[in-house]
Amino acid sequence: MSMKFTKSLFWCLGAAACAGLFITVVARASSAETSTQMKKQGNMEITERYGDTLVIAQKATHQVFSHKKHIIGVGLDCDACHPDIFQKKRGAARAAGDYTMKSLEKGKYCGACHNGDEAFGVTDKKDCITCHGSNMQPPTKIVWKKPNKAAFDHQAHVEDVGLECVDCHDKIFTMKIGAAAAHGDFTMASFKKGRYCGACHNGDDAFDAQTQCDSCHFVPTKRIIFTKPVKTVVFDHKIHVGKAKILCETCHKDVFVMGSGVLSGLETFRSDDPVAKRKHLEELHEKLCGTCHNSDQAFGFQTRCTVCHIGVKGLKLMQARAGKSDAPEQAGH
């Protein structure tokens, strides 16, 4: 064998080995990339492999159900549940409208097996944590901060009134903290249409949501300073609610929207005519504070102006006296 042929053979074998190594590395990298992509897909995760079979776990959004525990652990077949107990379609049980603990207690859905004989029952509170991740005891009180600060007392509704969880969840409220506020329509206007709290607080089943405001809402403790449409106008809830004993709905039903600094239905007014300006201000006062400050129920709005209109200097003096911790709340509109 000549030296030239030996060198050619050596380079060919070397090139073939490198190509094989490259293909192996690329294949492994591609496999690893595919595996990573599958693990990152949505909220699913590959937990185990049985040959070509993958066990994919999907993080539950509400209740927790493990196919692995029921099929591999307990030894159930798919047709033990599908399609007689559960349709083989995601969300079908919830869409049926009766996927509740009451239905489970009657032997439907999970309750077909979880009856206390074949598997643990659905009525013992110590077993709640198995599926729900907690003991499912409602918080004593929920306090919403948006769109306005308001409180809900579970104890008053469940123990005192005798309501059950299913009366509100999930048809009226999703059993998830913050879900109602996140929708953007958790407002008194929605209540008036019979949504959320308004489903019961309609004046027939329970007091109208448009009344008894302080049952749920907190009376502001800081004075409010309006900067529009007129600068530095002060309003103090303590004087009106605390001393004068005025009900919240006296103002917040028709006169003022219950939102800090909100004056609805007002258009920007501009005029160089002093007569037109005065007329506009009189109309504005009559529509707002003047509904009570009419010299009959309270002092007239055309008298004692400086009680409310404190001016820029008055605001600075008030802020200095109050200090930062008790500074009045600024209202831009």
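In the block above lies the structure referred to throughout.
Residues numbered from 1 in each chain as written. Predicted model: local features only at pLDDT ≥ 70, side-chain atom pairs only at ≥ 80, totals over all residues. Heavy atoms only, no water.

### A look at the side chain of Ser-190
Rules: Under the DSSP-based scheme used, a helix requires at least four consecutive residues in state H or I and a strand at least two consecutive residues in state E, with every element numbered from the N terminus. To sort residues, take the accessible area from a 1.4 Å probe on protein chains only and compare it with the maximum for the residue type: under 20% means buried, over 50% means exposed, and anything in between is partly exposed.
On the secondary structure map, Ser-190 appears in helix 9 (residues 188–192). With relative accessibility at 8%, the residue Ser-190 sits in the buried group.

### Considerations on the pairing of strand 4 (residues 150–153)
Formally: Strand pairing is defined by DSSP finding a minimum of two bridges between the two strands.
Pairing geometry for strand 3 (residues 141–144) and strand 4, over four bridges, is antiparallel. Across the sheet, the residue bridging to Val-143 is Ala-151, located in strand 4. Between the antiparallel neighbours strand 3 and strand 4 lie five residues.

### Describing the pattern of salt bridges
The line we're drawing: Any Lys or Arg side-chain nitrogen located within 4 Å of an Asp or Glu carboxyl oxygen qualifies as a salt bridge.
Within the structure shown, the criterion is met by six salt bridges. One salt bridge connects Asp-127 with Lys-126, and the closest N-O pair in it is separated by 3.4 Å. Look at Asp-127 and you get buried, because its relative accessible area is 15%. Beyond isolated ion pairs, a larger network of salt bridges with shared partners links Asp-124, Lys-126 and Asp-127.

### Here we look at the state of the cysteines
Keep this limit in mind: To count as a disulfide, a pair of cysteine sulfur atoms needs to be within 2.5 Å.
Using the criterion set out here, one finds zero disulfides in the structure. Here Cys-197 is not disulfide-linked; the sulfur of Cys-216 is the nearest cysteine sulfur, at 6.5 Å.

### Side note on unusual backbone geometry
Put simply, His-82 and Pro-83 share a cis peptide bond, and its omega is 5°. With respect to the secondary-structure elements, Pro-83 resides in the loop between helix 2 (67–73) and helix 3 (92–96). Backbone geometry at Gln-212 places phi at a positive 50°, although glycine is not the residue there. Locating Gln-212 in the fold gives a position in the loop between helix 9 and strand 5 (224–226). Among the residues examined, Gln-212 registers a relative accessible area of 39% and is labelled partly exposed. Residues other than glycine seldom take positive phi values, yet Arg-304 does so here, at roughly 50°. Since its relative accessible area comes to 53%, Arg-304 is described here as exposed.

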